[in-house]
Amino acid sequence: MTEDVKKSLSIIIPTYNRSHQIDKTLKSISDAELPQDMMVEVIVVDNNSQPDHGLRYRELVESYQKKIKLRYEFEKKQGRSHACNRGLNAASSDWVGFIDDDEALDRRWLIQAMHWIESAQADYVGGPCLPDWEKSPPDWLPAHAGQYRGILGWIELSHAVVSYDDFDGELCGGNFIARTDLLIQLGGFNTNLGRSAGNLLGGEDGDLHTRLKAAHARGYYDPAFSILHSVPSERMTLRYHFRWAYWSGVANGIRIDNGDSRREDVPYAFGVPRYWFSKAFRGTFIFLAETCCGRLKKNSRAVVGLMDFFYLLGMLLGKNALKFK
């Protein structure tokens, strides 16, 4: 195997009906500092978008091919996991990276990727996803208090490089690189999980991370390996937060049923940890009390309370979640 092949990276961008956003993502890759002896290819995977978006994707790919090695793939099966697996199987590099279509790379993202690939210390590496606010966030946003930040794609786990074996943080699927052969060996992303049209089901990233750790793969979180994640105004609404909590519960219900690390050593009732019932009903009471007192819009604790209820509801239905796909 040549030295050049060892330093190659395929960046996969799964995308669905976001041709208006992906231009910013592709520009950030084009503008990023590229190590002289690193080969990078970018694979845009259209996940069966509407025809007008599909046409725009092809136009953007053609325009950026003058600046970066870039190609277009089409995945008919709806769902982010299907799109990620399509890109994984199409990759020609020894390392593969995953970013989302509403993100922008830090200018030194490729430099950090090269550092880890050359070091041979890791099998996979993740980094922070920092918020790029479309407007000022509201006072009630749970993310202000460090709760439910995943709803915004806001991931900050450590201020220093740390092994994933040494803390409980999960890999963020919108910002990581890994050895291609390892991901293929593990079967890629779980297609029973992951967002598709009409729902906010997630969990595919955490499921993959569980299998990486079970395979004793060496993983690190690097705070310098960062991206900016767009936070549009529609994500800063109560409705979106409650929907996200429900679908997050569904995903974790599926993962509990599959026997992964989400299963806790605590008493269970109806297939979910029993403590969630008291947590959810206590949270609902707080939400109703704060709403009656007119303090909801200033109280993230009240919002989290009802989110806990929807999360429990999602977990209870998680065993039947495949019917929704």
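Residues numbered from 1 in each chain as written. Predicted model: local features only at pLDDT ≥ 70, side-chain atom pairs only at ≥ 80, totals over all residues. Heavy atoms only, no water.

When helices and strands are tallied, the protein chain shows 10 helices and 13 strands. Relative to a compact globule of 325 residues, whose C-alpha radius of gyration would be 20 Å, the protein chain shows 20 Å and is just as compact. The buried share among the 325 residues of the protein chain stands at 55%. Contacts in the protein chain between residues at least 24 apart in sequence constitute 81% of all its contacts with a sequence separation of at least 6. Carbon and sulfur atoms make up 51% of the accessible area of the protein chain, which amounts to about 15000 Å² in all. For the protein chain, the distance from the average position of its 40 positive side-chain charges to the average position of its 41 negative side-chain charges is 6 Å. (Helix = DSSP H or I, 4+ residues; strand = E, 2+ residues; numbered from the N terminus. Rg over C-alpha atoms; globule rule 2.2 N^0.38 Å. Buried < 20%, exposed > 50% of the residue type's maximum accessible area, 1.4 Å probe, protein only. Contact = heavy atoms within 4.5 Å. Areas by Shrake-Rupley, 256 points an atom, 1.4 Å probe, with all protein chains shown as cover. Lys, Arg positive; Asp, Glu negative; His and termini not counted. Charge placed at Lys NZ, Arg CZ, Asp CG, Glu CD.)

Right, let's get into a nonpolar patch on the surface. A cluster of nonpolar side chains, namely F270, L313, L316 and L317, defines an oily patch on the protein surface of about 360 Å² accessible area. Considering the arrangement of structural elements, one finds F270 in the loop between β12 (268-269) and β13 (272-273). We classify F270 as exposed; its relative accessible area is 71%. (Patch = residues over 30% accessible without salt bridge, like charges linked within 9 Å, V, L, I, M, F, W, Y side chains within 5 Å. Salt bridge = Lys/Arg side-chain N within 4 Å of Asp/Glu carboxyl O.)

Right, let's get into the environment of S8. Structurally, S8 is set in strand β1 (residues 8-15). With relative accessibility at 4%, the residue S8 sits in the buried group. Linking S8 and C292, residues 284 residues apart in sequence, is a C-alpha distance of 58 Å. Side-chain polar atoms of S8 contact the backbone nitrogen of D94, separated by 3.4 Å. (Polar contact = N/O pair within 3.5 Å; in protein donor to acceptor, adjacent residues only side chain to side chain.)

Here we take up the packing of helix α9 (residues 275-292) against helix α10 (residues 300-317). Here α9 crosses α10 at 140°, and the two axes come no closer than 7 Å. Accordingly, the angle class assigned to the pair α9 and α10 is oblique. Crossing angle aside, the handedness with which α9 passes α10 is left-handed. Across the interface between the two elements, W276, F277, K279, A280, F281, G283, T284, I286, F287 and E290 of α9 pack against R301, A302, V303, G305, L306, D308, F309, Y311, L312, M315 and L316 of α10. Of the residues belonging to the contact of α9 with α10, the class tally is 14 nonpolar, three polar and four charged. (Axes fitted to C-alpha atoms, helices over the stretch in contact; angles between N-to-C directions. Parallel < 35°, antiparallel > 145°, perpendicular 65-115°, else oblique. Left-handed = near helix turned anticlockwise from the far one by under 90°. Nonpolar A, V, L, I, M, F, W, Y, C, P; charged D, E, K, R; others polar.)

Take the side chain of S28 next. Following the sequence through the fold, S28 ends up in helix α2 (residues 19-31). Residue S28 is classed as buried on the basis of its relative accessible area, which comes to 10%. Side-chain polar atoms of S28 contact the backbone nitrogen of L105, separated by 2.9 Å. Apart from residues no more than four positions distant in its own chain, S28 is found in contact with E103, A104 and L105.

In this section: the packing of aromatic side chains. Each aromatic ring pair is characterised by the separation of its centres together with the angle its planes make. Applying the stated criterion across every chain yields a total of 17 aromatic pairs. A centroid spacing of 5.1 Å and a plane angle of 70° characterise the contact between F98 and F189, whose relative ring orientation is edge-to-face. Linking F98 in strand β4 (residues 95-99) with F189 in the loop between α6 (180-185) and α7 (204-214), this pair joins segments that are 91 residues apart in sequence. Here F98 and F189 have matching classes, each one buried. Ring geometry for F242 against F287: centres 5.9 Å apart, planes inclined by 80°, an arrangement best described as edge-to-face. Of this pair, F242 sits in helix α8 (residues 238-257) while F287 is found in helix α9, placing the two residues 45 residues apart along the sequence. A relative accessible area of 13% means that F242 is categorised as buried. You can call F287 buried: its relative accessible area is 11%. The structure contains a cluster of three or more aromatic residues connected by ring pairs, namely F242, F281, F287, F309 and F310. (Phe/Tyr/Trp six-rings, centres within 6.5 Å; stacked < 30°, edge-to-face > 60°.)

Turning to the pattern of salt bridges, a few remarks are in order. Using the criterion set out here, one finds 20 salt bridges in the structure. The partner of E33 in a salt bridge is R108, and the shortest N-O contact between them spans 3.6 Å. One end of the pair, E33, is in the loop between α2 and β2 (39-46); the other, R108, is in the loop between β5 (103-105) and α5 (109-119), and 75 residues separate them in sequence. Given the relative accessible area of 41%, R108 is considered partly exposed. Linking D181 and R179 is a salt bridge whose minimum nitrogen-to-oxygen distance equals 3.1 Å. The exposure class of R179 is partly exposed, given its relative accessible area of 24%. A cluster of three or more residues bridged by salt bridges with shared partners is formed by E41, R71, E73, E75 and R86.

To continue, consider the environment of D207. Its place among the elements puts D207 in helix α7. Along the primary structure D207 and R255 are separated by 48 residues, whereas in three dimensions their C-alpha atoms are 7.1 Å apart. If sequence neighbours within four positions are ignored, D207 has contacts with N190, L193 and R255.

Bringing the confidence of the model for the protein chain into the picture now. Regions with low pLDDT carry predicted coordinates that are not meant to be interpreted in detail. Per-residue confidence for the protein chain gives a mean pLDDT of 88, with 92% of residues at or over 70. With pLDDT under 50 throughout, residues 1-5 is counted as low confidence; its partners more than four residues away or in other chains account for five contacts. (pLDDT = per-residue confidence, 0-100.)

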